[in-house]
Amino acid sequence: MSLRGRPYEDRWGPRRARLIAGALALLFVVIVGRSAYVAVNGPGRGHNDAVAESVRRADIVDRKGEIMATSLAVWSIAADPRAVWDGKEVATSIASVLPSIDVADLTRRLSDTDRHFVWIQRGITPRQKQAVFDLGLEGLQFQQETRRVYPRGSLAGHFLGFTDVDGKGVEGAELAFNDRLSKGGAPLKLTLDAGVQHTLEDELEKAYADFDMKGGAGIVLDAATGEVRAIASWPAVDPNHPQGRSEAAKLNRAIGATYELGSIYKPLTVAAALDAGVLSTTETFDVSRPIRVGATPIKDHDPLQHPQAVTAADIIAYSSNIGVVEIARKLGVKGQKEFLGQVGLLSRLSYDGPQSAAPQPPPEWDALASATISYGHGLAVSPLAFAASYTPFANGGEYVKPLFLDPKSNLIDVSKIEKKRVMAKATAQTVLSMLREVVTRGTGANANAPGYDVAGKTGTAEKIGPDGYDSERNITSFAAVFPASRPQFVVLVMLDEAQPRTGDKRTAAYTAATIAGKVIARAAPLLDVQPVLETSRVEASSLRASEAVTQ
Amino acid sequence: MKRLLIVGGLIVAVLAVSVYRAKLGAEETETKIEGLQAEARKVTEEISVLKAEEAYLTRPERIGPIAHDKLNMQPAQPEQFTAPEALSRRLGEEQVRLPDTVEAPAEDKAKAGGKPKG
């Protein structure tokens, strides 16, 4: 009997069976195929593996590799109060390992079963976490986090800055180099030297013991390369606890603020005039009487001994306002502006690192402004910018910008560091010798550091108050180059409203110069600067003489 | 034909087992590598912690007083330095000499070189 002749059910029965068998066979093939695929290729990647592992933020180290900032894995402990049987027992046990825990407060929070989540302690070390873990308490949760740590506390705190809870740079170097640090990898090596940095900060801290001051800043700069070996702002700030810093500590006075720095501008005025050929070293000036610029009288606070005929060297050594204004007049407004622009005092400095505050020039650069700027009033700049302006005196007339990244490890060719000639070599040497005289016979005697041939200039500038310049409040500063016999470093110390507790005058001669001298005496050995003492000079010269005779 | 099919099937089975075992071995190695990597991460973290602790413990404000109190050390003073020329001259003036070799007495010689008595 043919299929066609069969009843309907009989005709479709075998076909259904074959279809079902085929489908089952296909399913079997798929299962076997997938099993073989899994056997050969593995189970495949879970979604957890798809999440990129977070990159560990790079460390920041000083020029010798000392750690300034690092990222550490820390632990945080939390709890679910609903899973805690006895809140007081848990709190007491945890407090035995973490003594800073407030037992009563934690007991109260752990007993609140309406809550699902309670932080117990954040940012504990792996050892502390293990100790808590070993207590075997119920309901605890451990979460790993990364925290930025500054193991040297407040050292270079202002410069380093800090990060937010997500590890993103918020201030200072952490912000300025955020892209580089976020990529992880090798530590970011700075030009700072932790030892010199400590010396500078320590002397600023001690300065507060000697002077009742509002703030201070200091910079140590390698004149040849612009490498900043130390940069500090006082009051110090601990980047581990940025929220706890005082209002006074928030400002980075070395970089982020501008000041009228007073008479430390005078050597720049003299250098500009000498280089322009409008002043000679033998030329004399009469500074016995105040002079008027428009309606404004300009006088010397401490009249010179023989004021009828003083040279530029005398004007610098004894800080004569009258004399330097006379020189500025000879130089002219245009020459003055051009020179100050060349030494980086009229525009924001451009370099890799936390940005310097933009200078504040006078609204109108007329004859009066030119006169006051010649002795450091009317043009406010950041201490960092000003320190860089003294590099030509140490470099034979060449200006160098500040550098914060260690050249060797950051692939910076030292020989290609831009040096801009801003004055003749002879001019630089002449002004340098004048600066040395400031310390040997002038207002900078307190900056003397035996053996280190300090050359520098004092600066005392009255601060602007609601009624103009306030004679009761001032900024005192000392800008130095040392050693004068073979210049290597520039040092700048600036103190805000420093009042000697001894009752001495509140001028730079008694305040900033003293601190600068102490900084140089302590930092020079760390900077590998060999002192040249008078006895050594005599011995060396007599030796050379005897050698010359025998030859 | 039937034998060929059996042999072929056996070869395929052996190859399949080999591939499976190779895969298992690779997975084991991968697991081992992951374990080692985790250990390396842990050690790296420990090193970071130790370095941070070292930096904390070697802070100049901590080391300075310890060096002063325990070792009586002071910061270097300029007077402690001298020019190399002056140093070489001083060494010449001092006429540094090594002590002369002292001739040992005869009795000591005998003690040193002779046979033990008794």
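Computed from a predicted structure; not experimentally measured.

Q: Please clarify how the overall build of chain A should be interpreted in this entry.
A: From N to C terminus, chain A includes 19 helices and 16 strands. In terms of C-alpha radius of gyration, chain A reaches 35 Å, well past the compact-globule figure of 24 Å for 551 residues. By its C-alpha atoms, chain A is 145 × 65 × 65 Å across when sized along the principal axes. Long-range pairs, those at least 24 residues apart, make up 71% of the contacts in chain A between residues at least 6 apart in sequence.

Q: Looking at this model, I keep getting lost on the nonpolar core. Mind explaining?
A: One recurring pattern in soluble globular proteins: nonpolar side chains tend to sit buried together. Residue and element names in this part refer to chain A. One finds Ile219, Ala480, Val481, Val490, Val491, Ala516 and Ile520 to be the most contacted residues of the largest nonpolar core, which totals 134 residues. Once you skip the residues sitting within four places of it in the chain, alanine 480 turns out to touch Ala447, Val454, Ala455, Gly456, Val490, Val491, Ala516 and Ile520. Trp75, Ala79, Val84 and Ile94 belong to the second-largest nonpolar core, a separate cluster that totals 12 residues.

Q: How do you make sense of the confidence of the model for chain A when you look at a structure like this?
A: Note that predicted coordinates carrying low pLDDT should not be read in detail. With 91% of its residues at a pLDDT of at least 70, chain A reaches an overall mean of 89. Confidence drops under pLDDT 50 across residues 45–52 of chain A; counting only partners more than four residues distant or on other chains, this segment forms one contact.

Q: Hey, could you run me through helix α14 (residues 367–374) of chain A in this one?
A: In an α-helix, one turn spans 3.6 residues, which is why side chains three or four residues apart end up on the same side. Residues and elements named next belong to chain A. Counting buried residues along α14, six of its eight residues qualify, which places the element largely inside the surrounding structure. Looking at α14, one finds that the buried residues are Ala369, Ser370, Ala371, Thr372, Ile373 and Ser374. Those residues of α14 that are buried are in contact with α11 (266–276), β9 (291–293), β10 (296–298) and α13 (321–342). Trailing α14 by a residue or two, glycine 376 shows a phi angle of about 85°, which is positive.

Q: When you look at unusual backbone geometry in this model, what are you seeing that I'm missing?
A: All names here are of chain A. A cis amide bond, omega 5°, links tryptophan 234 with the succeeding residue proline 235. The amide bond that connects phenylalanine 482 to the next residue, proline 483, takes the cis arrangement and shows omega of -15°. Along the polypeptide, proline 483 turns up in the loop between β14 (468–482) and β15 (489–496). A positive phi angle, close to 55°, is found at alanine 156, a residue other than glycine. For alanine 156, a count of 30 C-beta atoms within 10 Å translates into the label buried. Although it is not a glycine, glutamate 497 sits at a positive phi angle of roughly 55°.

Q: Got a minute to help me understand the sheet that holds β15(A) in this structure?
A: To summarise the sheet geometry, strands pair through backbone hydrogen bonds and adopt either a parallel or an antiparallel arrangement. All names here are of chain A. The five strands lie next to each other as β8-β7-β15-β14-β13, forming an open sheet whose pairing is antiparallel. Each end of this open sheet is capped by a strand with a single partner; those strands are β8 (228–234) and β13 (455–465). Here the average twist between neighbouring strands, direction ignored, is 10°. Bridge count for β13 against β14 is 11 bridges, and the pairing is antiparallel. Within the sheet, the bridge partner assigned to threonine 460 lies in β14 and is threonine 476. Contacting β7 (215–222), β8 and β15, helix α9 (residues 194–210) crosses the sheet at an angle of about 25° to β8. In the packing of helix α17 (residues 425–441) onto the sheet, the strands contacted are β13 and β14, and the crossing angle to β13 comes to about 75°.

Q: Which parts of the structure should I look at to understand the environment of A:Gln499?
A: Residue and element names in this part refer to chain A. As for its placement among the helices and strands, glutamine 499 is situated in strand β16 (residues 499–500). We classify glutamine 499 as buried; it has 21 C-beta atoms within 10 Å. A sequence separation of 27 residues divides glutamine 499 from glutamate 472, and the C-alpha atoms of the two residues are 9.8 Å apart. Once residues lying within four places of it in the same chain are set aside, the contact partners of glutamine 499 are Phe211, Asp212 and Arg506.

Q: In this structure, what is going on with the pairing of β8(A)? I would like to understand it.
A: Note on strand geometry: in a regular strand, side chains alternate between the two faces of the sheet. Residues and elements named next belong to chain A. Along β8, seven of the seven residues are buried, which leaves the element largely enclosed by surrounding structure. The pairing of β7 with β8 spans six bridges and is classified as antiparallel. Paired with glycine 216 across the bridge in β8 is tryptophan 234.

Q: So what exactly am I meant to see when it comes to the confidence of the model for chain B here?
A: Residues and elements named next belong to chain B. For chain B, per-residue confidence averages 79 on the pLDDT scale, and residues scoring 70 or more make up 70% of the total. Predicted confidence is poor over residues 106–118, with pLDDT under 50, and the contacts of this stretch with residues over four places away or in other chains come to one contact. Predicted as a complex, the structure gets a pTM of 0.79 and an ipTM equal to 0.72.

Rules behind the numbers
Residues numbered from 1 in each chain as written. Chains lettered and ligands numbered in written order. Predicted model: local features only at pLDDT ≥ 70, side-chain atom pairs only at ≥ 80, totals over all residues. Helix = DSSP H or I, 4+ residues; strand = E, 2+ residues; numbered from the N terminus. Rg over C-alpha atoms; globule rule 2.2 N^0.38 Å. Contact = placed C-beta atoms within 7 Å. Core = buried A, V, L, I, M, F, W, Y, C linked by C-beta atoms within 7 Å. Buried ≥ 20, exposed ≤ 12 C-beta atoms within 10 Å, placed from the backbone. pLDDT = per-residue confidence, 0-100. Pairing = 2+ DSSP bridges. Axes fitted to C-alpha atoms, helices over the stretch in contact; angles between N-to-C directions.

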